[in-house]
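Summary of the model geometry
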Amino acid sequence: MRTAALKFEAVSSEDFEPRAFEVHTDRHLDRIKPLAKLPEEQRFEMQVVASVLPFRVNQYVIDELIDWNRVPEDPIFQLTFPQKGMLAEEDFQRMAALHRAGADKKEIQALANEIRAGLNPHPAGQMQLNLPKVNGEVINGLQHKYRETVLFFPAQGQTCHSYCTFCFRWAQFVGDKELRIASREADSLVAYLRGHPDVTDLLMTGGDPMVMKTSNLKQYLEPLLEDDLAHVQTVRIGTKALTFWPYRFVTDPDADELLDLLARLVQAGKHVALMAHFNHWREMDTDICHEAIRRIRATGAQIRSQGPLIAHINDNADDWARMWREQVRLGIIPYYMFVERDTGAKCYFEVPLARAWKIYRDAMQQVSGLARTARGPSMSAGPGKVEIQGVSEINGQKVFVLRFIQGRNPDWVQRPFFARYDEEATWLNDLKPAFGEEKFFFEDEYRAMTGRIS
Ligand SMILES: *Cc1c(COP(=O)(O)O)cnc(C)c1O
Ligand code: SF4
């Protein structure tokens, strides 16, 4: 039953025409009309890279988000279309040679797999660690790394409306079954949550859970309305649909049903948050995106934003400041700036930690307090989320000041610690403790917990 509180219906969305979802992959680059204007060589390069890294883009992104007059520098083009530099030169040349020789699918596949294996497909021990059990059996599709929060990857949500070229989940999209983290089991999710009264947060992620039909989402989310899951107070859903397919919340056939589901969770007393993945202000520059944001907020759900800092896409302070200001204006709460993970086309996208911090700081200095809720730059590493708080000089030594935002051991959280300043370091495992110490304070414990060093 609908109630008066469901305000998203009170203002109509009839100005927006439904749009059919039309998507392109590496098999159909030739169907993407604006590409025809690019040099032949550049189209060939895309084809070569797309045979290794996942490629998928939909017509909304092509028509509304990419400024084709600014290609290849356009940030949304960089976000979605393969670029030559995303592969190491040697890998690129080997794959290009196969394509030029007209090699068959099998040969291309074999080389693609070989190259992928060298790209650290599962960073920070996602596969081996964090796998929870019910009755002694590992449940696929769940990760429980931080005490209060369970991460859930529904099986039908392991894709996205388009793919980001830098995605650290890329291994899930290229069809390697062994690398997939997924679950078909709403039942085991519910059983696990029932057995863990200390879990207050459920974070549903993917791919993008919003590719699922509302009827599927209901299977997972409606049980949270029952009394025996009252301890799960917060429901977060990670999504990039506000960027790649805002119609999901406005004109798709089950959009109203989705908003109704969110509203019911809110009315049951849950904190519901869409964790919207944004990289650039251009992504929220369309009327349909504004309408989607308005409708979601009218359910009582919050929208928080998070996204990585990525070379070629958003590695400058002005774009971040403009994005955060725009988010605040639209009622979105800035949450995280991430450091790009050590996987996939890292060589193309990485930004050294020292520069990342400078960009963060310069952006923060341009915005009001309401946009300063974004924490970062933060590395989601094995031991936890580590934030670069700043660069300082202590007793004549230049250092990074760091802290855990989240830790595998909650006791690590919010303790400042120090690493030797290193202009080139791009990830936690590049850093060395400052002041001549041999190890970071958490290392022994982390090793004992996991058998790993980073
Ligand atoms: C980021 C993250 C969470 C959520 O952490 P918050 O600090 O609550 O945002 C949970 N699990 C994993 C594995 C994460 O990386
Ligand atoms: S939307 Fe998220 S999961 Fe999907 S491709 Fe982009 S970064 Fe990866």
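See the structure printed just above.
Below is a short write-up of the structure. (Residues numbered from 1 in each chain as written. Chains lettered and ligands numbered in written order. Predicted model: local features only at pLDDT ≥ 70, side-chain atom pairs only at ≥ 80, totals over all residues. Heavy atoms only, no water.)

Contacts to ligand 1 come from Lys145, Tyr146, Thr149, Leu151, Leu203, Arg236, Tyr335, Tyr336, Lys385 and Gln406. One nitrogen or oxygen atom from the side chain of Tyr336 is found 2.8 Å from an oxygen atom belonging to ligand 1. Separating an oxygen atom of ligand 1 from a side-chain N or O atom of Lys385 is a distance of 2.8 Å. Mapped by element, the contributors of at least two residues to the shell around ligand 1 are β5 (142–146), β6 (149–152) and β11 (333–339). Grouping the constituent residues of the shell around ligand 1 by class yields five nonpolar, two polar and three charged. (Near = heavy atom within 4 Å. Polar contact = N/O pair within 3.5 Å; in protein donor to acceptor, adjacent residues only side chain to side chain. Helix = DSSP H or I, 4+ residues; strand = E, 2+ residues; numbered from the N terminus. Nonpolar A, V, L, I, M, F, W, Y, C, P; charged D, E, K, R; others polar.)

Our next topic: helix α12 (residues 317–330). Because each turn of an α-helix spans 3.6 residues, side chains separated by three or four positions in sequence point in the same direction. For α12, with 14 residues, the first-to-last C-alpha span of 20 Å sits near the 20 Å given by 1.5 Å per residue. Its buried side turned inward, α12 meets α11 (287–298), β10 (302–309), β11 and α14 (353–364). For α12, the side-chain oxygen to backbone nitrogen distance between the N-cap and Asp318 is 3.2 Å, and the N-cap itself is Asn316. Residue Gly331 follows α12 closely and has a positive phi angle near 90 degrees. (Expected span 1.5 Å × (residues − 1). Contact = heavy atoms within 4.5 Å.)

Another aspect to go through is helix α7 (residues 186–194). Turning to α7, its buried residues number three or more, namely Ala186, Ser188, Leu189, Val190, Tyr192 and Leu193. Contact partners of the buried residues in α7: β3 (133–134), β5, β6, β7 (201–204) and α8 (214–221). (Buried < 20%, exposed > 50% of the residue type's maximum accessible area, 1.4 Å probe, protein only.)

Moving on to the side chain of Arg403. Topologically, Arg403 is positioned in strand β14 (residues 397–407). On the basis of relative accessibility, which here comes to 12%, the residue Arg403 falls in the buried class. Separated by 2.7 Å, the side chains of Arg403 and Glu387 make a polar contact. Side chain to side chain, Arg403 and Gln414 meet in a polar contact 2.6 Å long. Beyond its immediate chain neighbours, meaning those up to four positions away, Arg403 contacts Arg375, Lys385, Val386, Glu387, Gln389, Gln414, Arg415 and Phe417.

Counted by the stated rule, this structure contains 24 salt bridges. One salt bridge in this structure joins Arg194 and Asp228, with 2.4 Å as the shortest N-O distance. With Arg194 in helix α7 and Asp228 in the loop between α8 and β8 (234–239), the pair connects residues that are 34 residues apart, well separated along the chain. On the basis of relative accessibility, which here comes to 37%, the residue Asp228 falls in the partly exposed class. Two residues, Arg329 and Glu326, come together in a salt bridge whose shortest N-O distance is 3.0 Å. Of this pair, Arg329 and Glu326 both sit in helix α12, three residues apart, which is roughly one turn of the helix. Within this structure, Lys439, Glu443, Asp444 and Arg447 form a network of salt bridges that share partners. (Salt bridge = Lys/Arg side-chain N within 4 Å of Asp/Glu carboxyl O.)

With that out of the way, let us pick up unusual backbone geometry. The omega torsion across Val71 and Pro72 is 10 degrees, close enough to zero to call that bond cis. One can find Pro72 in the loop between α2 (59–65) and α3 (75–80). Residue Gly376 is joined to Pro377 through a cis peptide bond whose omega torsion reads -10 degrees. With respect to the helices and strands, the residue Pro377 is situated in strand β12 (residues 375–380). Of note in this structure, His312 is not a glycine but carries a positive phi near 75 degrees. Mapped onto the secondary structure, His312 falls in the loop between β10 and α12. With a phi angle near 50 degrees, Asn395 is a residue other than glycine that sits in the positive phi range. Summarising the element assignment, Asn395 is placed in the loop between β13 (384–394) and β14.

Let us now look at the sheet that holds β5. Strand order across the open sheet formed by 11 strands is β5-β6-β7-β8-β9-β10-β11-β12-β13-β14-β15, with mixed pairing between neighbours. Because the sheet does not close on itself, it has two edges, and the strands there are β5 and β15 (417–420). The mean angle between the axes of side-by-side strands here comes to 30 degrees, regardless of whether they run parallel or antiparallel. Bridge count for β8 against strand β9 (residues 271–277) is six bridges, and the pairing is parallel. Within β9, the position partnered with Thr239 by the bridge is Ala276. Docked against the sheet, α8 engages β6, β7 and β8, running at close to 155 degrees with respect to β7. (Pairing = 2+ DSSP bridges. Axes fitted to C-alpha atoms, helices over the stretch in contact; angles between N-to-C directions.)

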